[in-house]
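Descriptive structure summary
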Amino acid sequence: MTFRCSLGAVDRGDPRLGTAPPQRDWLLVEHPGPWPVTAPFGADLSDELLRRLGHPGQRTLLVRPHGRVPSAPAPRRWFRCLDGELRAGRWDHPDDLLATLEPGAGSPHPEPLLLVCTHGLHDVCCAVEGRPVAAALSQRWPGTTFECSHLGGDRFAPNVLLLPDRTCYAQMPAEQAVPTVEAHLAGRADGAWLRGVAGLHPAEQVALGTALTRWGPAPIARLSTRLLDQVGTFDSGTWTVELLGVDPLPSRVRVVVTSQRRTDAARLTCRATRETRALQWDVVSVEA
C-alpha cells in the first residue's frame, strides 16, 4: 500500500492542536492550476516579488475556486487579511500586487473566506483528503470557498483556514466540514477538529483549544489570549497563558503548557525520505 502521511498521523494519534501557521498577515492570489510543488514560488510570482511582498512573514497563498480551472479571467482577484480585516482587489500583472501593501488598498470584503489546502503536488494527502472537503464547503458557500496552495501540516490533512479570524481546522471528514464551519460562523466553535489559530503562539493555541473543549462552544473571534510567563526555550519550555473568555467560557482561564516532549519518529509528510520527531505541546494545568 502506498504510504500516506495523514493515515499515519491518525494511527499514531499525533496531536494537531498548537500546529497552526505562525503568520498573522495573509495574501491570497487567484491563480489557475496546476500549482508547482514549491508554490507560490515557481508560478507567475517571482522570488524577488514575493520577498518584496514580505513572504514568508507575510504568507502568500495561491487560490482558485474548487475544481479544475484551466484559466482565470484577467484581472484576477486578490484578498488580503491583516489585523482581523479582509480586503479584496484585482490584479493584471504580478507587480500590481505590490499595491496590496498600501494602507486601504482594495475594498472591504464582507464575507469570510474558507480555504482548503488541495496542493497535491506538494503532498498527495492534501489532494486526496482536501478535495472532498473543498467540494462540500463550496456546495454550501460557493462564492467564498477556495482551494489553496500549501498550508503546512501535511499529516493533518485536510487542512482548512478560515479568514479573517485565522482559525484552522484539520483531519475532519468531509461530512463534518459543513456543520463544523456553520457552527464556527455562528459563534459556536468547539475543540473538535481544531488545529489552532494562525498567528498565535502554539501555547496560546493549545490554551484556547483546551478551553473550548472543556467549556465551549464559544465564538473564537471574541476570545483573547496572552502569554504571561515563559521558562526555557521554544523546543523545551513551559508557558503560562491567560485566556479572557465570554459566556459560556469562564471570564478568565489560566493554562500552563509545556513543549518538553516530541512525538515518536515517523515520516511526517508523504514526500519525506526519513523519519523525524515533531514537537508536542502538552497541557500541565487549567485554572479558572
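Presented here is an overview of the structure given in this document. Here the structure is a predicted model, which means the values were calculated and not measured. (Residues numbered from 1 in each chain as written. Predicted model: local features only at pLDDT ≥ 70, side-chain atom pairs only at ≥ 80, totals over all residues. Heavy atoms only, no water.)

Concerning the sheet that holds strand β11 (residues 224-233)
One open sheet holds the 4 strands; their spatial order is β11-β12-β13-β14, and the pairing between them is antiparallel. Edge strands, defined here as strands with exactly one partner in the open sheet, are β11 and β14 (279-287). Looking at each pair of strands side by side, their axes are set apart by 25 degrees on average, direction ignored. Alignment of β11 against strand β12 (residues 236-244), held across 9 bridges, turns out to be antiparallel. Directly across from D229, in β12, lies its bridge partner T240. (Pairing = 2+ DSSP bridges. Helix = DSSP H or I, 4+ residues; strand = E, 2+ residues; numbered from the N terminus. Axes fitted to C-alpha atoms, helices over the stretch in contact; angles between N-to-C directions.)

Remarks on the pattern of salt bridges
Under the criterion given, the structure shown has 12 salt bridges. Between R4 and E129 there is a salt bridge, and its shortest N-O distance comes to 2.4 Å. With R4 in the segment before α1 (5-12) and E129 in helix α3 (residues 124-140), the pair connects residues that are 125 residues apart, well separated along the chain. For R4, a relative accessible area of 18% puts it in the buried group. For E129, a relative accessible area of 24% puts it in the partly exposed group. One salt bridge in this structure joins D44 and R76, with 3.4 Å as the shortest N-O distance. Residue D44 is located in the loop between β1 (25-30) and α2 (47-53), and its partner R76 is located in strand β3 (residues 76-82); the two are separated by 32 residues in the primary sequence. According to the relative accessible area criterion, R76 is buried, its value standing at 16%. (Salt bridge = Lys/Arg side-chain N within 4 Å of Asp/Glu carboxyl O. Buried < 20%, exposed > 50% of the residue type's maximum accessible area, 1.4 Å probe, protein only.)

As for unusual backbone geometry
With an omega of 10 degrees, the peptide bond running from H55 to P56 counts as cis. Tracing the backbone through its elements, the reader meets P56 in the loop between α2 and β2 (58-65). The omega torsion across L163 and P164 is 20 degrees, close enough to zero to call that bond cis. Within the fold, P164 resides in the loop between β8 (159-163) and β9 (167-170). Unusually for a residue other than glycine, D83 sits at a positive phi of about 55 degrees. With respect to the element layout, D83 can be found in the loop between β3 and β4 (85-91). By relative accessible area, D83 is classed as exposed at 67%. One non-glycine residue, W193, lies in the positive phi region at around 70 degrees.

Side note on α3
Compared with an ideal rise of 1.5 Å per residue, which puts 17 residues at 24 Å, α3 spans 25 Å between its outermost C-alpha atoms and is within 8% of the ideal. Its axis deflected by about 35 degrees at G130, α3 carries its strongest bend there, up to four residues before the proline P132. For α3, the elements touching its buried residues are α1, β6 (113-117), β7 (145-148), β8 and α4 (174-185). One side-chain oxygen at the N-terminal end of α3 lies 3.0 Å from the backbone nitrogen of C125; it belongs to D123. (Expected span 1.5 Å × (residues − 1). Bend = angle between axes of the 7 residues up to and from the residue. Contact = heavy atoms within 4.5 Å. Polar contact = N/O pair within 3.5 Å; in protein donor to acceptor, adjacent residues only side chain to side chain.)

A word on α1
Residues three or four positions apart in an α-helix share a direction because the helix packs 3.6 residues into each turn. Within α1 the residues assigned to the buried category are C5, S6, G8 and A9. Down the axis of α1, the buried side of the element spans an arc of 160 degrees, and every buried residue falls inside it. Among the exposed residues of α1, those oriented more than 90 degrees off its buried face are V10 and D11. Looking at the buried side of α1, the elements it contacts are α3. (Arc of directions from axis to C-beta.)

Digging into the packing of aromatic side chains
Evaluation of the coordinates by the stated rule reveals 4 aromatic pairs. Taking 5.2 Å as the distance between ring centres and 55 degrees as the angle between the ring planes, the aromatic pair formed by W239 and W281 counts as tilted. Placement of W239 in strand β12 and of W281 in strand β14 is noted, with a sequence separation of 42 residues between them. In this pair, the class of W239 matches that of W281, namely buried. An aromatic cluster is present here, built from F234, W239 and W281 joined pairwise through their rings. (Phe/Tyr/Trp six-rings, centres within 6.5 Å; stacked < 30°, edge-to-face > 60°.)

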